[in-house]
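A structural walkthrough
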Amino acid sequence: MRGMSKGRIWILLCLLLLTGRGMMLLTGRGLSSEEETKFKIDGKVIELDESNFDSAISSFDYILVDFYAPWCGHCKRLAPQLDEAAPILAKLKEPIVIAKVDADKYSRLASKQEIDAFPTLKIFMHGIPTEYYGPRKAELLVRYLKKFVAPDVSILNSDAEVSDFVENAGTFFPLFIGFGLDESVMSNLALKYKKKAWFAVAKDFSEDTMVLYDFDKVPALVALQPSYNEHNIFYGPFDEEFLEEFIKQNFLPLSVPINQDTLNLLKDDKRKIVLAIVEDETEEKSQKLVTTLKAAASANRELVFCYVGIKQFADFADTFEANKKSKLPKMVVWDGNENYLTVSINVLKTRVCFFMLTLLQFS
């Protein structure tokens, strides 16, 4: 360093200090076993703990983490499904790694990740966690997770490609297919809502496809709800504001059955909820009410219309003071939290009341 100026020496020292390895050289500390660990995508479920969790999350673009407890029966049944799915997901063009954490043993890590039930699954995408509410059988889990590494907007160039897209998407997410729309029209919203739905634009298609999806002119955006055999058509205007409103309103079906999965979906929806509580969802009279709810939903997309059977979900119905001894069906307007108002069932039978429902506010 004899020929170097003091300024250059200081610059070199600063660069050393800014790197972890430089700091180790200056302090005499070597690399720890944790820092030497190189995670590999080998199709096996990785075991994580407090020493390597952060490193693993930062090492992979996509990693699904199972927070489990050894004594939990549901966790024991889930483990072989994850073992089966791991090698398939590892072979994707954009691999998804599966890992697990003994949350009972590493309770501090579990608390930091806000784990309060077992098993809890979270998918970390570029380090950002999202709770996983999808299926837990290996084959279905793989299909569900492929959504997260799929293109933001798929380009479809034939009837066959449209058909394959719908089939491969499965039934867990809604689908939005723009027929005669340019990819750029949907790209921003497709990126924004990638975790919630499939998006595609069809460049070339026949009249047979138009008949199949029930639209008679282009451009058109078709919203599909495969699980509920529902679809809706949007003919514009295709300004982002109107397009986003249509997409948000079609994340859910017209009438939503309440269960643990749909409750998780409703957390992200800010609309008021019109809830019909019946004794048994499967009864014919209950199904007739569901048909009425769908008609009401079609007339007012500013509200979410839902139903629940006491037989199917008694604990949830009880939060609205509804049980088998109650006068049923019971209708409430709910804010999604703790506040609700009981309304007359006849509210669904007049168009005036559709408008009135939108005016209901909670103090």
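One structure accompanies this document, and this report is about it. Just so we're clear, the structure is a prediction, and the values are computed from it rather than from any experiment. (Residues numbered from 1 in each chain as written. Predicted model: local features only at pLDDT ≥ 70, side-chain atom pairs only at ≥ 80, totals over all residues. Heavy atoms only, no water.)

**Brief notes about the overall build of the protein chain**
Short version of the rule: Helix and strand definitions follow DSSP, with helices as H or I runs of at least four residues and strands as E runs of at least two, each counted in order from the N terminus. Only protein chains enter the accessibility calculation, which uses a 1.4 Å probe. A residue is then buried if its area is under 20% of the maximum for its type, exposed if over 50%, and partly exposed in between. Only heavy atoms matter for contacts: two residues are in contact if any of them lie within 4.5 Å across the pair.
Each helix and strand in the protein chain was counted, giving 15 helices and 15 strands. The 363 residues of the protein chain split such that 44% are buried. Across the protein chain, the fraction of contacts at a sequence separation of at least 24, relative to all contacts at a separation of at least 6, is 63%.

**Details of the pairing of strand S5 (residues 128–131)**
The test is simple: Whether two strands pair comes down to DSSP finding at least two bridges between them.
Sheet topology places strand S4 (residues 120–125) next to S5; 4 bridges connect them, and they run antiparallel. Bridge pairing in S5 links Ile 123 to Thr 130. Hairpin connection from S4 to S5: 2 residues lie between these consecutive antiparallel strands, with His 126 at a positive phi of about 55°.

**What to know about the environment of Phe 320**
Inspection of the secondary structure assignment puts Phe 320 in the loop between helix H14 (314–318) and strand S14 (330–334). With a relative accessible area of 2%, Phe 320 lands in the buried category. For the pair formed by Phe 320 and Leu 275, sequence separation is 45 residues and the distance between their alpha carbons is 9.9 Å. For Phe 320, the residues in contact, after removing those within four places along its chain, are Leu 275, Ile 277, Lys 330, Val 332, Trp 334 and Tyr 340.

**Things to note about the packing of helix H9 (residues 183–192) against helix H11 (residues 240–249)**
Put simply, the rule is: Note on geometry: axes are lines fitted to C-alpha atoms, helical ones only across the stretch in contact, with angles between N-to-C directions running from 0 to 180 degrees. Roughly parallel here means an angle under 35 degrees, roughly antiparallel means over 145, roughly perpendicular means 65 to 115, and every remaining angle is called oblique. Should the near helix be turned counterclockwise from the far one by less than a right angle, the crossing is left-handed, whereas a clockwise turn marks it as right-handed. Classification convention: Asp, Glu, Lys, Arg as charged; Ala, Val, Leu, Ile, Met, Phe, Trp, Tyr, Cys, Pro as nonpolar; all other residues, Gly among them, as polar.
Viewed as axis vectors pointing N to C, H9 and H11 meet at an angle of 45°, and their least axial separation amounts to 10 Å. Here H9 is positioned oblique relative to H11, judged by the angle of their axes. When you trace H9 past H11, the crossing you get is right-handed. Contact residues: Val 185, Met 186, Asn 188, Leu 189 and Lys 192 in H9; Glu 240, Leu 243, Glu 244 and Ile 247 in H11. Its residues placed into classes, the contact of H9 with H11 shows 5 nonpolar, 1 polar and 3 charged.

**Looking at the pattern of salt bridges**
Worth spelling out the cut-off: Salt bridge, as used here: a side-chain nitrogen of Lys or Arg that lies within 4 Å of a carboxyl oxygen of Asp or Glu.
If you walk through the whole model with that rule in mind, you get 8 salt bridges. Salt-bridge contacts for Glu 50 lead to Arg 108; the nearest nitrogen and oxygen are separated by 3.6 Å. Of this pair, Glu 50 sits in the loop between strand S1 (46–48) and helix H4 (53–59) while Arg 108 sits in helix H6 (residues 107–112); the two residues are 58 residues apart in sequence, bridging distant segments of the chain. A relative accessible area of 37% places Glu 50 in the partly exposed class. Overall, the relative accessible area of 64% leaves Arg 108 in the exposed class. Residues Asp 152 and Lys 194 are paired through a salt bridge, measuring 3.3 Å at the closest nitrogen-oxygen approach. With Asp 152 in the loop between helix H7 (138–149) and strand S6 (154–156) and Lys 194 in the loop between H9 and strand S8 (198–202), the pair connects residues that are 42 residues apart, well separated along the chain.

**Section: H7**
The test is simple: The span expected for a helix works out to 1.5 Å for each residue beyond the first.
For H7, spanning 12 residues, the distance from its first C-alpha to its last is 17 Å, which sits close to the expected 16 Å at 1.5 Å a residue. Listed in full, the buried residues belonging to H7 are Ala 138, Leu 141, Val 142, Tyr 144, Leu 145, Lys 147, Phe 148 and Val 149. Buried residues in H7 make contact with strand S2 (62–68), helix H5 (73–90), S4 and S8.

**What to know about the pairing of strand S10 (residues 230–234)**
Sheet analysis places strand S9 (residues 220–225) next to S10, joined by 5 bridges and oriented antiparallel. Each bridged residue has a counterpart across the sheet, and for Ala 223 the counterpart in S10 is Asn 232. Between the end of S9 and the start of S10, which pair antiparallel, lie 4 residues, with Asn 229 showing a positive phi angle near 55°.

**A closer look at the side chain of Lys 330**
This is how it is decided: Note on charges: Lys and Arg go in the positive column, Asp and Glu in the negative column, and His and the chain ends are not counted at all.
With respect to the secondary-structure elements, Lys 330 resides in strand S14. Although buried, Lys 330 forms no salt bridge, and the nearest oppositely charged side chain, Glu 321, lies 5.2 Å from it. Leave out the neighbours within four places in its chain, and Lys 330 touches Leu 275, Ala 276, Ile 277, Phe 320, Glu 321, Ala 322 and Thr 342.

**Here's the deal with the side chain of Thr 120**
Note the cut-off: A 3.5 Å cut-off defines polar contacts: any pair of N or O atoms within that distance qualifies, except that in protein one atom must be a possible hydrogen donor and the other a possible acceptor, and neighbouring residues in sequence count only when both atoms are side-chain atoms.
Its place among the elements puts Thr 120 in strand S4. Thr 120 gets classed as buried once you look at its relative accessible area, which sits at 6%. A distance of 2.6 Å separates a polar atom in the side chain of Thr 120 from the backbone oxygen of Ala 117. With sequence-adjacent residues up to four places away left out, Thr 120 is seen in contact with Val 65, Asp 66, Phe 67, Ile 115 and Glu 131.

Geometry only, nothing functional implied.
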